[in-house]
Amino acid sequence: MFKNKKVFIFIIFIIFIIFIIFITIDTDKKDNNTSFNYDDFKNYKKTISQIDTTRDGLSDYDEIYKYGTNPTTTDTTGDGLSDYDEINEYGTDPTTTDTTGDGLKDVDEVTKYGTDPTSKYTTEDGLSDYKEINILDTDPKTFTILVEIDYTEGIDIDKIDFSIIENTFNNAPVHNYDNSKGIDIHFYIPDEPVEDVEELTREKYINNYFKETFEYKGYGFHHILITNNITLHGDDVGGFAIRNKPGSNVEKSEYVTEQILLHELGHSLGINSEDHDGVDSRKYDKDEYPSVMNYNVTYEYYYYDFSDGTNSENDFNDWNHIIENTPENTDTSNIEKDTDKLTIWD
Ligand SMILES: [Ca+2]
Ligand SMILES: [Ca+2]
Ligand SMILES: [Ca+2]
Ligand SMILES: [Ca+2]
Ligand SMILES: [Zn+2]
């Protein structure tokens, strides 16, 4: 039939090739029709998303694509806080050892200090956790207020009852991070009185005492000067002076000192007559605005508290105003340059 065997073999070979191509095309068609099965795809995705190499509750898929953590270890940063706890319990970034970058390690914030590792300010008091722990040596978990008390010659500082003021702040309607209540107030009282100035005026206070004797200015402190020779009602200068009424008997003078001290502290913490017309005025009686900022209270009663704003329609929420304004009224400019712990607390 054929001229030779070679031609025959060639033709058979061609037929074979065509057959193979036909089979291949046919198979491809079948594969294309059946491979896109969405359920299979979902199941496949579900299966790999359930793989958890370390069995720490975070799937490899989530670790890689969602959290950026290492799926082959339970603690990507090796800081002692597991990836799972960082994500689900502490809200910290599992890929870094210091989520806020404030110099306090997440693990220390959680296990040692009890501070909020997701914020530089566990309490919004203007004093950062880092500064409170490393420089001021105060409690970063509570709302903290610092006051330097300077006094001139002749003022008997021992006769002033600072516990009255501490009490007032300790009972403030503030809920702290550690579930405690109230404001922590600390007084720094130098051993020696500051130099006296005859007939202290507002200008003398600003240029002399506030500038030169205010030792911890810029360290988050508020300033009080207690003196007898005073002719000002200087209270809107960021610091302020206290009148220790001369001529009163000793017992009354003590009470008046504490009351005015609290009043002036209220100004330093941001309560002024522009905020409420009952401040530094006799417009409202004690029942309407029961506050040491109200002259009808300051001059008529022994009263050592700020108001919470719930007593009448003419009342003012002193406490809320203090809490909201303290951060901006707290000067911390010098702490930034200092890294040494202040050893001023007894
Ligand atoms: Ca895992
Ligand atoms: Ca970790
Ligand atoms: Ca931190
Ligand atoms: Ca603080
Ligand atoms: Zn006043």
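About the thresholds
Residues numbered from 1 in each chain as written. Chains lettered and ligands numbered in written order. Predicted model: local features only at pLDDT ≥ 70, side-chain atom pairs only at ≥ 80, totals over all residues. Helix = DSSP H or I, 4+ residues; strand = E, 2+ residues; numbered from the N terminus. Buried ≥ 20, exposed ≤ 12 C-beta atoms within 10 Å, placed from the backbone. Contact = placed C-beta atoms within 7 Å. Pairing = 2+ DSSP bridges. Right-handed = clockwise from strand over helix to strand, strands pointing away. Core = buried A, V, L, I, M, F, W, Y, C linked by C-beta atoms within 7 Å. pLDDT = per-residue confidence, 0-100.

1. Remarks on the overall build of the protein
Move 1: Scanning the protein for helices and strands turns up 11 helices and 4 strands.
Move 2: Going through the 346 residues of the protein one by one, you find that 34% of them count as buried.
Move 3: Relative to all contacts within the protein whose residues are 6 or more apart in sequence, the contacts with residues 24 or more apart total 55%.

2. Remarks on the pairing of strand E1 (residues 143-151)
Move 1: In terms of burial, E1 is largely enclosed, as 9 of its 9 residues are buried.
Move 2: Residues Phe143, Ile145, Val147, Ile149 and Tyr151 point to one face of E1 and Thr144, Leu146, Glu148 and Asp150 to the other, with burial holding for every one of them.
Move 3: Looking at chain direction, E1 and strand E2 (residues 183-188) are connected through 6 bridges and run parallel. Residue phenylalanine 143 lies in a different strand from E2, and its bridge partner there is isoleucine 183.
Move 4: Between E1 and its parallel partner E2, the chain crosses via helix H7 (residues 162-170), and the hand of that crossover is right-handed.
Move 5: Strand direction decides the pairing type here: E1 and strand E3 (residues 221-227), joined by 6 bridges, are parallel. Its bridge partner lying in E3, glutamate 148 is registered against histidine 223.

3. Observations concerning the nonpolar core
Move 1: Within the largest apolar cluster, 41 residues are counted, with the highest numbers of intra-cluster contacts made by Val147, Ile183 and Ile224.
Move 2: Looking at this core, the elements with two or more residues in it are helix H6 (129-136), E1, E2, helix H8 (202-213), E3, helix H9 (250-268) and helix H11 (318-329).
Move 3: Among the elements that line this core, the one with the most residues is E1, at 6 residues.
Move 4: Beyond its immediate stretch of four places on either side in the chain, valine 147 contacts Ile185, Phe187, Phe221, His222, Ile224 and Leu265.

4. Focus: the confidence of the model for the protein
As a note on interpretation, predicted positions should not be read in detail where pLDDT is low.
Move 1: For the protein, mean pLDDT is 84; residues scoring 70 or higher make up 84% of the total.
Move 2: Averaged over each element, pLDDT in the protein is lowest for strand E4 (residues 240-243) (44) and highest for helix H4 (residues 83-90) (98).

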